[in-house]
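# Examining the three-dimensional arrangement
So you can see what is in the structure, the chains are spelled out below.
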Amino acid sequence: MTDKTGLRKRVARKVANAAGGGIVDELFQRITELEAEVQENRNLNVRVGELVDLVSELMAPVASQDPARIEAALAKFERSL
Amino acid sequence: MAPKVEAIRVDDRGITFRATEDDVVDVRLDGRRVWSFWLQRDSVPEAGGRYVAWPNALRRFLDGVTRLSLVAHVTETTLFDEELTFGTGGDRIAVVNEKGQPLGLDKTNKLMLTFDTRSAEHVAPLLDSLEEVLGVIKEAGIEAFPAYGTLLGAVRAGKLIGHDSDADLGYVSKHSHPVDVIRESFQVQRRITERGYDTYRYSGIAFRIDVLEGDGSKRGLDVFGGFIAAPYGDNPAMLYLMGEVGAPFELEWIYPLGTTVLEGRTLPAPARPEKLLEAMYGPGWKVPDPAYHFTTPRTTYRRLNGWFRGIRVLRNEWERRFSTTRNKLPEDGPSALAQLLVEREGMPELLVDLGAGRGGDSLWFARQGARVRALDFVKQASLAVQKVAGDEQLDLVVKDVNLNSLRSWMSEAIRLAHTPGPKVILARNLIDAQSEVSREATWRLCELALRDGGRLYLEFLRGQRRERTEKALLTPLPVAEIVAELERHGAVIVHQENTHEVKPSGAPGRPLARLVAEWQR
């Protein structure tokens, strides 16, 4: 964006905001919040993927309470991280 | 047609010229390309013309004599060609590495051993590795193919691109939900490690496979995963491929795979490679551009970031920070926190140094007879300590534990929870080096590891948060907030003190907080 178009946009926003009783600033604020919320949701994908992988690979060995089996499963799992 | 460029002047600062069109130009020193730039995009206005500064990576070489030419990359028209002297040196300028091998700037302006200076004999090991890795991935159930610059070079001219320096692979998952694509990538990586290869994960769907070449050197090939998001409403099916692609796409443009030829070898390729290349480089992909910049749309960048990234937060920064000290043994003895720990607990049987960094405290504890687990997401930071611990046969295990990755910290927590006997966790300058998400993982790891006894010794910069920068990677934290967080996680604070770092002169330095916490059942 050039300085001129940037300036034009800032002035237009101020004018529209003043005419609309602050609604433009409020909408900008809501867009920022929405973007953050969308990313929070998207971030769940890696979390869920990691959790499912961990449970699939380690739940059975850990439930067995057999130290040798737990150690073997942990070693194999950690090597692939 | 060659661009019209006039009034070219080259000096120690950079290159000035007059031109109205934009085009990509190679800078050659004694006939060899070392850099390329776009006449308009990469320059700024100066004195009625344009000016482009020497990139920092090249600047240190510019002391001596050279025949400098500027050549339009596409038409190979010479725009400027003169014998020049830079700085005060009298020798020919040589842009080479410590082994004397010729270097050039790649598209990200990093000095690399680019392919244009390498002979067929030199690139053969890379091609061997490429074929080997394609085979390994196929055995793991995925049909991968050369991607990005490697595919571009193969399709455009059957050759590696001269100004490129590495080879990339890609694949498109049959799954259509990010979670499934991530799980598949984890499974593929696991199958590959079971075959004995070292790997390194970048994100939920991208990782590197290390291959040993004939001379024993290690080469890492990046594997980028992708998937097709199903169409909805009026929106078409979209291909998202790590790390730059988001474009309307059909799976049948990829599979079943066809073939392409690269440096005389037949390799798998997307069924319609031109479709993928257009998605990667835009409709102008056929025209060579050694200074290409991806213009990934914000929506694609945000999607790829949100779905797949986040497990490497601050890791690159700490890798860079430790890169200059990793071979130097830390010399400052036990930290004040380590001394406090020994005063209160005696010498622990099992000491977990969480965020061990260079490992100074870990080494000290191991030398005093403690069993030590030194955990950090930059394992290389303590290379010198690892060597000494090996030489002295100390009971010191250094492990890569990444508190940004649930699989990494949770598997370590399970291990610690199943390790019998008392244990003490030392975390010095850890939480002030972390993101909020990673700090949350720290509390959960401590809670799991210490719920049957033991204590956490914590030291961090105290004060109001400030923005983290590359130079100041630690950021102070308000003590009351940290205490409240720990208590929310079931911890009881059994010791708390506010103190200061001690400068070498003995004068007080930055404000510190020390906390000792335990989880009482």
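Below is a summary of the structure that appears in this document. Small disclaimer: the values here were computed from a predicted structure and weren't measured.

### As for the side chain of Gln189(B)
Within the secondary structure layout, Gln189(B) lies in helix H4 (residues 178-194). With a relative accessible area of 0%, Gln189(B) lands in the buried category.

### Observations concerning the pattern of salt bridges
Evaluated as defined, the whole model comprises 38 salt bridges over all chains. The salt bridge involving Asp198(B) is made with Arg79(A); its shortest N-O contact spans 3.2 Å. One end of the pair, Asp198(B), is in strand S13 (residues 198-203); the other, Arg79(A), is in helix H3 (residues 67-79), on a second chain. Given a relative accessible area of 38%, Arg79(A) falls into the partly exposed group.

### Topic: the sheet that holds strand S3 (residues 24-29) of chain B
Residues and elements named next belong to chain B. Within the open sheet, the four strands sit side by side as S4-S3-S7-S8. Their pairing is antiparallel. Among the strands making up the open sheet, the edge pair consists of strand S4 (32-38) and strand S8 (78-86). Pairwise comparison of adjacent strand axes, ignoring direction, gives a mean angle of 20 degrees for this sheet. Relative to S8, strand S7 (residues 64-72) is paired through eight bridges, and the arrangement is antiparallel. Residue pairing for S8: Thr66 is matched across the bridge by Leu84.

### Considerations on the sheet that holds strand S5 (residues 44-46) of chain B
Sheets are built from strands paired through backbone hydrogen bonds, the pairs being either parallel or antiparallel. Residues and elements named next belong to chain B. With antiparallel pairing, the four strands of this open sheet are ordered in space as S1-S2-S6-S5. Looking at strand neighbours, the two that pair on one side only are strand S1 (6-10) and S5, the edges of this open sheet. Strand-to-strand twist of the sheet, defined as the mean angle between neighbouring strand axes without regard to direction, takes the value 30 degrees. Pairing of S5 with strand S6 (residues 49-53) involves three bridges; the strand directions are antiparallel. Counted as the bridge partner of Glu46 is Gly49 from S6.

### Some points on the interface of chain B and chain A
Each partner contributes residues to the interface: chain B has 35 residues there, and chain A has 29 residues. With both chains or domains summed, chain B and chain A bury close to 2900 Å², and 55% of this area falls on carbon and sulfur atoms. Our count for the chain B to chain A interface comes out at nine salt bridges. The partner of Lys76(A) in a salt bridge is Glu194(B), and the shortest N-O contact between them spans 3.4 Å.

Conventions and cut-offs
Residues numbered from 1 in each chain as written. Chains lettered and ligands numbered in written order. Predicted model: local features only at pLDDT ≥ 70, side-chain atom pairs only at ≥ 80, totals over all residues. Heavy atoms only, no water. Helix = DSSP H or I, 4+ residues; strand = E, 2+ residues; numbered from the N terminus. Buried < 20%, exposed > 50% of the residue type's maximum accessible area, 1.4 Å probe, protein only. Salt bridge = Lys/Arg side-chain N within 4 Å of Asp/Glu carboxyl O. Pairing = 2+ DSSP bridges. Axes fitted to C-alpha atoms, helices over the stretch in contact; angles between N-to-C directions. Contact = heavy atoms within 4.5 Å. Buried area = accessible area lost by both parts, 1.4 Å probe.

Note that all results are geometric; they support no functional claim without further evidence.
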